[in-house]
Amino acid sequence: MNKPSAGTMLGHPKGLFLLFGTEMWERFGYYGMRALLVLYLVDIAQNGGFGWTNADALSLYGTFTMMVYVTPLIGGWLADNYIGQRKAIIIGGIVMAAGYFTLGFPKSLINGMEESIFYLGLVLICAGNGLFKPNISTMVGDLYEDGDHRRDGAFTIFYMGINVGGALGPLITGFVAAEMGWQNGFIVASIGMVFSVLLQLALSKKYLGDIGVEPSAKLSLKQSESQTKEPLTRIERDRIKVIFIMSAFTIMFWAGFEQAGGLMNLFANEFTDRNLMGFELPASWFQSLNSIFIVICAPFIAMIWIKMGDKEPTSPIKFAMALFLLAVGFLFMVGAVLQQGGDVTVKTSMLWLIGAYFFHTLGELCLSPIGLSMVSKLAPLRLASLLMGIWFFFTAMANKVAGFVGSFIGEGAESANNAMSIFLGIAITATVSAVVMYLISGKLVDWMHGAEGEHHQDMDEKLEEEMAVTGAHEAMPEKHM
């Protein structure tokens, strides 16, 4: 594979910053759309929405976000074996842009077919995401030779693009939707996706060279042919058990965390006092808090782990901490419901939501050594793709569970009591899960057989590694790293 020769910027290949911009605009579109989706579904028809019940909207949201994590498995396979990463990104981006545009199609022109067109838009977004998302991370890694010390730093820069897009998307699409209608908000998301595709079409040949052009399966054919099927060793079996157990616990964490775009989004819209100095903040703006908090907090969390040295908690302990912080976040939501006192006409302080998102983000950052990093460390090489797929499968299940749990919110006066039950129930379940994870953490570390707890990196390398996982909630593979 010919590496690009377009020079460097800040010590990195210029192609990195092309991929940064490509991913930033893609996340701008996705998070901008996601922030509007549930609010659009439950809004009354007179305001341009569908007037769905909270339960129906959250159920669909759970199915949609589940498919967002399933389709990359198919898209990654197609890119690896047939079309290559470069074409997959461009085709996927065009399909996603078409999906956002379809959501924003004027209802006056599709009278009687509104819901059919809406579903078509969601299908296009899922299909496009499947082609786009798993392949762009691959290309970041391919910019560097094996052993290049700049690679971790490159992913740090790349994931900052994710979070910049994730912060700007809800702010801009939310403002447009509030001022000009839902359809225009979706159109803005589509425009962001178009920018992403145009960057690739205009600049990829110059700044990426041959990277991503040829399917990776062809490039690794010789290596694949040399691999022989051997029975799993005891150590490999133990490590696989750890992957399955930790994957199962992710359902609890992400099912709570992903209430952000569903139930907590509705709570911000219906029950939160969003007035700030005479201006009413769009409910969708709160969806930017997670990305903002990641950018602010990630360096500090990374430095804390570094300062702890050999006393740094093991991955299972960090996971227990993440579940506990998730519970703390939902206690803030319990406080918001208590402020209502059973009266759904009472608007609660936005500080409750801000506090909840803050602790949820801290929990997410405590998951940094788990996720993809854990699977890549523990999975036998010949089963790495399969086990990564299983990790994604559990994440997809968690998103569906999130929608199912949130759908119990109900309508009108009953929603206050139901919200209390849901928030408190998640907090209790997360706390119990944290205790269980803590109690079994020692055994899990034993089953890792030395893959956990090594501290051979210097501080700069460790900081880059910890920072690089701030995009771990994207839960997409970083192949060829």
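Structural data are supplied above this passage.
Residues numbered from 1 in each chain as written. Predicted model: local features only at pLDDT ≥ 70, side-chain atom pairs only at ≥ 80, totals over all residues. Heavy atoms only, no water.

Q: Please explain helix α10 (residues 289–308) as it appears in this structure.
A: For an α-helix the count is 3.6 residues per turn, leaving residues at separations of three or four pointing the same way. Given a rise of 1.5 Å per residue, 20 residues ought to cover 28 Å, and the 28 Å separating the end C-alpha atoms of α10 matches this to within 8%. A positive backbone phi angle near 55° is found at glycine 309, which sits one or two residues after α10. (Helix = DSSP H or I, 4+ residues; strand = E, 2+ residues; numbered from the N terminus. Expected span 1.5 Å × (residues − 1).)

Q: Can you walk me through the packing of helix α8 (residues 234–257) against helix α15 (residues 414–448) in this structure?
A: Packing of α8 against α15 brings their axes to within 11 Å, and their N-to-C directions diverge by 165°. On the basis of their axis angle, the class for α8 and α15 is roughly antiparallel. Viewed along their axes, α8 and α15 form a crossing whose handedness is left-handed. The residues of α15 that touch α8, namely those facing Ile235, Asp238, Arg239, Lys241, Val242, Ile245, Met246, Phe249, Met252 and Gly256, are Ile426, Thr429, Ala430, Ser433, Val436, Met437, Ile440, Leu444, Trp447 and Met448. (Axes fitted to C-alpha atoms, helices over the stretch in contact; angles between N-to-C directions. Parallel < 35°, antiparallel > 145°, perpendicular 65-115°, else oblique. Left-handed = near helix turned anticlockwise from the far one by under 90°. Contact = heavy atoms within 4.5 Å.)

Q: Would you take a moment to explain the nonpolar core for this structure?
A: Across soluble globular proteins, nonpolar side chains show a tendency to be buried alongside one another. Core analysis: the largest hydrophobic core is formed by 123 residues, its most contacted members being Met33, Phe64, Phe118, Phe158 and Phe423. In this view, methionine 33 contacts Phe64, Tyr100, Leu103, Ile125, Phe186 and Ala189; residues no more than four positions away in its chain are not counted. (Core = buried A, V, L, I, M, F, W, Y, C linked by side-chain atoms within 4.5 Å. Buried < 20%, exposed > 50% of the residue type's maximum accessible area, 1.4 Å probe, protein only.)

Q: Hey, could you run me through the pattern of salt bridges in this one?
A: A pair can form between side chains of opposite charge whenever their charged atoms are brought close. Following the criterion strictly, the structure yields seven salt bridges and no others. For arginine 34, the salt bridge goes to glutamate 258, with nearest N and O atoms at 3.2 Å. Here arginine 34 is found in helix α1 (residues 14–42), whereas its partner glutamate 258 is found in the loop between α8 and α9 (263–271), with 224 residues between them in sequence. Of the two residues examined, arginine 34 and glutamate 258, each falls in the buried class. Here aspartate 238 makes a salt bridge to lysine 241, at a shortest N to O gap of 3.2 Å. Taken together, the positions of aspartate 238 and lysine 241, both in helix α8 and three residues apart, correspond to about one turn of that helix. Classification of lysine 241 by relative accessible area gives partly exposed; the value is 36%. (Salt bridge = Lys/Arg side-chain N within 4 Å of Asp/Glu carboxyl O.)

Q: For this particular structure, what's the right way to read the side chain of serine 284?
A: Locating serine 284 in the fold gives a position in the loop between β5 (279–280) and α10. For serine 284, a relative accessible area of 3% corresponds to the buried category.

Q: What should I look at first to understand helix α12 (residues 350–366) in this one?
A: For α12, which comprises 17 residues, the first-to-last C-alpha distance of 25 Å matches the rise-based estimate of 24 Å (1.5 Å per residue) to within 8%. Those residues of α12 lying buried are Met350, Leu353, Gly355, Ala356, Tyr357, His360, Thr361, Leu362, Gly363, Glu364, Leu365 and Cys366. The distance from a side-chain oxygen at the start of α12 to the backbone nitrogen of leucine 351 is 3.1 Å, and the residue carrying that oxygen is serine 349. (Polar contact = N/O pair within 3.5 Å; in protein donor to acceptor, adjacent residues only side chain to side chain.)

Q: I'm lost on the packing of α1 against α9 in this one. Help?
A: Angle between the axes and distance between the axes are the two parameters that describe a pair of packed helices. Following both chains from N to C, one finds α1 and α9 inclined at 60°, their axes separated by 10 Å at the closest point. Compared by their axis directions, α1 and α9 come out oblique. Where α1 crosses over α9, the handedness of that crossing is right-handed. Across from Arg34, Ala35, Val38, Leu39 and Val42 in α1, the residues of α9 making contact are Asn265, Leu266 and Asn269. Classifying every residue of the contact of α1 with α9 by side-chain character gives five nonpolar, two polar and one charged. (Nonpolar A, V, L, I, M, F, W, Y, C, P; charged D, E, K, R; others polar.)

Q: Explanation requested: unusual backbone geometry in the structure shown.
A: Note on backbone geometry: most residues besides glycine have negative phi, and most peptide bonds are trans. Even without being glycine, methionine 277 reaches a positive phi, approximately 55°. With respect to the secondary-structure elements, methionine 277 resides in the loop between β4 (275–276) and β5. Take methionine 277: its relative accessible area is 83%, and that puts it in the exposed class. For histidine 449, which is not glycine, the phi torsion reads 50° and is therefore positive. Looking at the secondary structure, you find histidine 449 in the loop between α15 and α16 (459–468). Histidine 449 gets classed as partly exposed once you look at its relative accessible area, which sits at 27%.

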